[in-house]
Amino acid sequence: MADIIQLLPDHVANQIAAGEVVQRPASVVKELLENAIDAGANSIKLIVKDAGKALIQVIDNGKGMSATDARLSFERHATSKIRSAEDLFSLNTKGFRGEALASIAAIAHVELKTKLDDDELGTLIEIEGSTIKSQDVTVTPKGTSLSVKNLFFNIPARRNFLKSNNVELRHIIDEFHRVALAHPNITFAMYHNGSESFNLPESNYRQRIVNIFGGKTNEKLVPVEEETEVLKISGFVGKPEFAKRTKSEQFFFVNNRFIKSAYLNHAINSAYEGLVKDGSYPSYFLNLTVDPKTIDINIHPTKTEIKFDDEHTLYAILRSSVKHSLGQFNIAPVLDFDRDNNLDTPYDYKDKNASTPTIEVDRTFNPFQDEKPVSKSSGVSTSYRKEPAAQWESLYVGLESKSTKVEHDFSEIEFESESENASLFSEDKLVETTQTTYQLHNKYIISTIKSGMLILDQHRSHQRVLYEGFLKHLTVKEAVSQQLLFPLTLEFTSTEMESLSQLKEDLEHTGFVFSSFKDKAIEITGVPINVPESEVSIILEQLISDVEQEVPDSNFSATDLLAKSMSKSLAIKTGQSLTRFEQEHLVNSLFACKEPSVSPTNRITFITMSVDDFDKKFM
């Protein structure tokens, strides 16, 4: 039998590795930004065109590379980060595998410019699909500039699987946020299609969070500080009342590296237990510092998963630290039912000495006397006599004398007679209207039908009614809007603004009127006619959450997503009591829909039970 195992060519192996390292443009951004940080840069620029499909360029002022290192950096497993396997347990750098640049160069056009501080000239290398096209000397400032153009140019199948520009840009911004939050001591800037998206100066951690997520974030933050022999925790958590409907503001950093950990996330959620509503997620920006020997990073190519030696201890410390911070800043309520607030000493009296109270007794007081002195201090004896209560006959005293002066002949006065309403039907022929709908546990509506009984889920049924109504408005583009007396201003993060700008036109077709659409804030002057002003922020947050979870692309209808999201937010909730008229109107509206049997999320809206079904129950 012939030998069948053979070594793969380098360019094939590089493309296979690229499938693990480079999944989308955001993966390239992550690798290049981390390389710039490892190079010791204190100023990093990210330039992106067409959501990274056309260009991704990272410019840093780090130490740069020599001509030999620049050429060698594109070889697989070529790295300056580690020397032996033991170094994996004492990592202080972002990268260590040496596969990123080789994988990127295998699927894109790459241009590298780099120069050491002591050299007069730098090095320029151009690579296309792992093939080096040229290597020359060039004039360039200290540091490195690496441009990645035409990503996946030689793998058309991978390029076709990329999402729309809005979705890919949102992933790039997420990666940019993760790196920028981990290093507030570095200046970051990001440009997309020639316009500046972020300009983050060197600052402390709190200022970096505010610069990224907006000015109003400052009032939402509660500091967390804890240091033990095992773990050091620093950072901020969000106040419970500002919990969001998405997980967009949840960040864990271990030794300045962003990680994802469902176990540690559960520790945070347990600390917020009872403080956050269901379906809402608390914000947190926490830095965990541990001994590098107690963690294993070499698990996944993206390096976002970490194994800890003692996860249970970290869980307990993290949970107690967050709980302590929430209680220390009076965020968590004190449930002491035996405590009486009236017994608390006011702050103005805490340093004063207690004095003996003075008691004054009126020794001349006689409760059986009709007269009694009011005050002795004034020196004037004033008295008060209790008058006997007047009888009801006194109300009519004097009427007789007045009537003698003016006499009225009441026989001449005409009174308006009561109006008579004629009826087309005699009383015995009047048809009494009987109630045909009933509400059960403020959740289901029961209605009688010819064959038996109809049971509706009021929340799902109203979702279907609103969903088809919104679809009609979005299609016809003639929605009715009610103007607000005062404009409503709402602030969002850059990522959330990208999602809203994508749906702005469809929102206007449902009845929203925007007077301004700035970088991190929108001003609303009109809302759909059935949307209360207090629900606007909730609806938009729910919409952003749905956009991020659905991840719509060119094959997904944004109109359908918007109609589903708004109908879910505005539908009658379980537990809401409905009047008889509202119950009947909901039943009639549901069966006027084109598809009354299912909700917008394809869940059953009603069931029927025939008389035969009841008969079987009693057999």
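Before reading further, recall that the structure is shown in the block above.
Only a predicted model underlies this, so the values are computations on that prediction, with no experimental measurement involved.

Novice: Whenever I open this one, the overall build of the protein chain confuses me. Can you help?
Specialist: Across its full length, the protein chain holds 16 helices and 24 strands. Taking as baseline every contact in the protein chain between residues at least 6 positions apart, the subset at least 24 positions apart corresponds to 67%. Accessible surface, the protein chain as shown: approximately 37900 Å² in total, 50% of it carbon and sulfur.

Novice: Looking at this structure, I do not really get a nonpolar patch on the surface. What am I missing?
Specialist: A contiguous nonpolar patch, built from Leu121, Val137 and Val139 and spanning about 330 Å² of accessible area, is present on the exposed surface. Its location among the elements puts valine 137 in strand β5 (residues 131-138).

Novice: Help me understand unusual backbone geometry in this model?
Specialist: Of all residues except glycine, most have a negative phi; of all peptide bonds, most are trans. Even without glycine at this site, aspartate 50 takes up a positive phi of about 55°. Position of aspartate 50 among the secondary structure elements: in the loop between β1 (43-49) and β2 (55-60). Unusually for a residue other than glycine, serine 130 sits at a positive phi of about 70°. Tracing the sequence through the fold places serine 130 in the loop between β4 (122-128) and β5.

Novice: Just checking my understanding: could you explain the pattern of salt bridges for this structure?
Specialist: Side chains bearing opposite charge may pair, as long as their charged atoms lie close to each other. Tallied over the entire structure, the rule returns seven salt bridges. One salt bridge connects arginine 24 with glutamate 168, and the closest N-O pair in it is separated by 3.1 Å. Taken together, the positions of arginine 24 in the loop between α1 (10-21) and α2 (25-38) and glutamate 168 in helix α6 (residues 165-182) put the pair 144 residues apart, joining distant regions of the chain. Here arginine 24 falls in the partly exposed class, since its relative accessible area comes to 23%. Residue glutamate 168 is classed as buried on the basis of its relative accessible area of 0%. Across the pair glutamate 584 and arginine 580 runs a salt bridge whose closest N-O atoms are separated by 3.6 Å. With glutamate 584 and arginine 580 both in helix α15 (residues 580-590) and four residues apart, this pair spans about one turn of that helix. On the basis of relative accessible area, glutamate 584 is assigned to the partly exposed category, the value being 25%. On the accessibility criterion, arginine 580 (35% relative accessible area) is partly exposed.

What counts and what doesn't
Residues numbered from 1 in each chain as written. Predicted model: local features only at pLDDT ≥ 70, side-chain atom pairs only at ≥ 80, totals over all residues. Heavy atoms only, no water. Helix = DSSP H or I, 4+ residues; strand = E, 2+ residues; numbered from the N terminus. Contact = heavy atoms within 4.5 Å. Areas by Shrake-Rupley, 256 points an atom, 1.4 Å probe, with all protein chains shown as cover. Patch = residues over 30% accessible without salt bridge, like charges linked within 9 Å, V, L, I, M, F, W, Y side chains within 5 Å. Salt bridge = Lys/Arg side-chain N within 4 Å of Asp/Glu carboxyl O. Buried < 20%, exposed > 50% of the residue type's maximum accessible area, 1.4 Å probe, protein only.

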